[in-house]
Amino acid sequence: MSNIHVMDHPLIQHKIGVLRKVETGSKEFRELVSEIGMLMCYEATRNLPLEDVEIETPVAKTTAKQIAGKTLGIVPILRAGLGMVDAMLQLVPTAKVGHIGLYRDPDTLNPVEYYCKLPYDVSERDIFVLDPMLATGGSASEAIQFLKDKGVTRIHFLCLIAAPEGVERVRKDHPDVEMYIGALDEKLNDHGYIVPGLGDAGDRLFGTK
Ligand SMILES: O=c1ccn([C@@H]2O[C@H](COP(=O)(O)O)[C@@H](O)[C@H]2O)c(=O)[nH]1
Ligand SMILES: O=P(O)(O)OP(=O)(O)O
Ligand SMILES: [Mg+2]
């Protein structure tokens, strides 16, 4: 079974279409990123292991299910990944949140790290790395490597839009990572932007351009 999952849900496709539009302003953009993030979280958590737990309802004792293990962690790649955090937390309120700050050098397109703060028990958790855009794959690959160096073994990567180049890079560097992709686009342009894409996700989320 492939570990690359391209979303085919009509709600996700519809919302990504609105997100792409040049006339979609920051407020609506933020709402859409959050909504799509929530729908993708639902898909990305589909295979989490469950364990039995004995509970008591008002009527009877029974065996219910709960997520097994030390539960989850969420790691947005700053800034753009921040737009997906609240939605994930609404579905998984007990998740801990780490942050990895990376920006792309505009000339080399290589990621430059400027911040990192992770939960102390990060290595015991299933980690969901968030970034709306997977372009060259440099940022995602570096963030994932960073987590692996901290001992994390179960990593899932979620992005709203991906270029084939980025998917190939992450697949090659990290074949063990589950990738969840809202839409797979055509290519990168000469500046490393996804075509057709949506522009710079961080700028559109925070109104910085
Ligand atoms: O069309 C795009 C392409 C990239 N971004 C931002 O860059 C990084 C991902 O780029 P990589 O080349 O994959 O490292 C991502 O964090 C986005 O913030 C973008 O917004 N739009
Ligand atoms: O990857 P970048 O350089 O686009 O960073 P940001 O997410 O802060 O816009
Ligand atoms: Mg940006």
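Residues numbered from 1 in each chain as written. Chains lettered and ligands numbered in written order. Predicted model: local features only at pLDDT ≥ 70, side-chain atom pairs only at ≥ 80, totals over all residues. Heavy atoms only, no water.

## Here's the deal with the UniProt feature "domain: Phosphoribosyltransferase" (unreviewed entry) in the protein
Here's step 1: UniProt tags residues 6-208 as "domain: Phosphoribosyltransferase" (unreviewed entry).
Here's step 2: The span residues 6-208 carries 32% helix and 32% strand; its end-to-end C-alpha distance comes to 29 Å. (UniProt positions renumbered as here; feature names shortened; annotations may be inferred. Helix = DSSP H or I, 4+ residues; strand = E, 2+ residues; numbered from the N terminus.)

## What to know about helix 5 (residues 164-173)
Here's step 1: Looking at helix 5, one finds that the buried residues are Gly166, Val167 and Val170. Summarising the axial view, the buried residues of helix 5 lie within an arc of 100°, below the 170-degree limit, and thus occupy one face.
Here's step 2: Where helix 5 is buried, its residues meet strand 1 (4-6), strand 9 (133-134), helix 4 (138-149), strand 10 (154-162) and strand 11 (178-184). (Buried < 20%, exposed > 50% of the residue type's maximum accessible area, 1.4 Å probe, protein only. Arc of directions from axis to C-beta. Contact = heavy atoms within 4.5 Å.)

## A few points about the coordination of the magnesium ion (ligand 3)
Here's step 1: Distances from the magnesium ion (ligand 3) to its protein donors, Asp200 (OD) and Asp200 (OD), fall within 2.4 Å.
Here's step 2: Topologically, Asp200 is positioned in the loop between strand 13 (194-195) and helix 6 (201-206). (Donors = N, O, S within 2.8 Å, 3.2 Å for Na, K, Ca; no water.)

## Some thoughts on the packing of helix 1 (residues 10-20) against helix 2 (residues 26-44)
Here's step 1: Interhelical geometry of helix 1 versus helix 2 gives an angle of 155° and a closest axis separation of 10 Å. On the basis of the axis angle, helix 1 is roughly antiparallel to helix 2. Our pair here, helix 1 against helix 2, has a crossing hand that is left-handed. Counting all contacts with helix 1, which are made through Leu11, Ile12, Lys15, Ile16, Val18 and Leu19, the residues of helix 2 involved are Glu28, Phe29, Leu32, Val33, Glu35, Ile36, Leu39 and Met40.
Here's step 2: Residues of the contact of helix 1 with helix 2, tallied by class, amount to 11 nonpolar, no polar and 3 charged. (Axes fitted to C-alpha atoms, helices over the stretch in contact; angles between N-to-C directions. Parallel < 35°, antiparallel > 145°, perpendicular 65-115°, else oblique. Left-handed = near helix turned anticlockwise from the far one by under 90°. Nonpolar A, V, L, I, M, F, W, Y, C, P; charged D, E, K, R; others polar.)

## Digging into helix 2
Here's step 1: End to end, helix 2 covers 26 Å across 19 residues, agreeing with the expected 27 Å (1.5 Å per residue, within 8%).
Here's step 2: Taken together, the buried positions of helix 2 are occupied by Phe29, Leu32, Val33, Ile36, Gly37, Met40, Cys41 and Ala44.
Here's step 3: Where helix 2 is buried, its residues touch helix 1, helix 3 (85-91), strand 8 (126-130), strand 10, strand 11 and helix 6. (Expected span 1.5 Å × (residues − 1).)

## Side note on the site of ligand 1
Here's step 1: Taken together, 16 residues lie around ligand 1, and Asp131, Thr136, Ser139, Gly199 and Ala201 are the ones closest in.
Here's step 2: Between an oxygen atom of ligand 1 and a main-chain N or O atom of Ile194, the distance comes to 2.9 Å.
Here's step 3: Ala201 places a polar main-chain atom, nitrogen or oxygen, 2.8 Å from an oxygen atom of ligand 1.
Here's step 4: Protein coverage of the free-state accessible area of ligand 1, which is 460 Å², stands at 94%.
Here's step 5: Most atoms of ligand 1, that is more than half of them, are within 2 Å of grid points of the largest pocket.
Here's step 6: Where the shell around ligand 1 is concerned, the elements lending two or more residues are strand 9 and helix 4.
Here's step 7: Class assignment for the residues of the shell around ligand 1 results in 7 nonpolar, 6 polar and 3 charged. (Near = heavy atom within 4 Å. Polar contact = N/O pair within 3.5 Å; in protein donor to acceptor, adjacent residues only side chain to side chain. Areas by Shrake-Rupley, 256 points an atom, 1.4 Å probe, with all protein chains shown as cover. 1 Å grid on protein atoms, 1.4 Å probe; cavity = no way out; pocket = protein on both sides within 12 Å on 5 of 7 lines; lining within 4 Å. Sits in = over half its atoms within 2 Å of the grid points.)

## Section: the site of ligand 2
Here's step 1: Taken together, Leu78, Arg79, Ala80, Leu102, Tyr103, Arg104, Asp200 and Gly202 form the complete shell of residues around ligand 2.
Here's step 2: Within the side chain of Arg79, an N or O atom sits 2.7 Å from an oxygen atom of ligand 2.
Here's step 3: Within the contact set of ligand 2, an oxygen atom lies 2.9 Å away from a backbone nitrogen or oxygen of Arg104.
Here's step 4: Contact with the protein chains hides 78% of the accessible area of ligand 2, taken as 270 Å² for the molecule alone.
Here's step 5: The pocket occupied by ligand 2, as judged from atoms lying within 2 Å of grid points, is the largest pocket.
Here's step 6: Of the residues forming the shell around ligand 2, the biggest block, 3 residues, is contributed by strand 6 (residues 99-104).

## Here we look at a nonpolar patch on the surface
Here's step 1: A cluster of nonpolar side chains, Tyr103, Tyr114 and Tyr115, forms an exposed patch at the surface whose accessible area comes to about 330 Å².
Here's step 2: Following the sequence through the fold, Tyr115 ends up in strand 7 (residues 111-117).
Here's step 3: Judged by its relative accessible area of 39%, Tyr115 falls in the partly exposed class. (Patch = residues over 30% accessible without salt bridge, like charges linked within 9 Å, V, L, I, M, F, W, Y side chains within 5 Å. Salt bridge = Lys/Arg side-chain N within 4 Å of Asp/Glu carboxyl O.)

## Overview of the nonpolar core
Nonpolar side chains in soluble globular proteins tend to be buried together.
Here's step 1: Grouped together as the largest cluster of nonpolar side chains are 36 residues, with contacts concentrated most on Leu19, Met40, Leu158 and Leu160.
Here's step 2: Elements with a contribution of two residues or more to this core: helix 1, helix 2, strand 4 (72-78), helix 3, strand 8, strand 10, strand 11 and helix 6.
Here's step 3: With 7 residues, the single largest contributor to this core is helix 2.
Here's step 4: Setting aside its immediate chain neighbours within four residues, Leu160 contacts Ile16, Leu19, Val33, Ile36, Met40, Met84, Asp131, Pro132, Ile181, Gly182 and Ala183. (Core = buried A, V, L, I, M, F, W, Y, C linked by side-chain atoms within 4.5 Å.)

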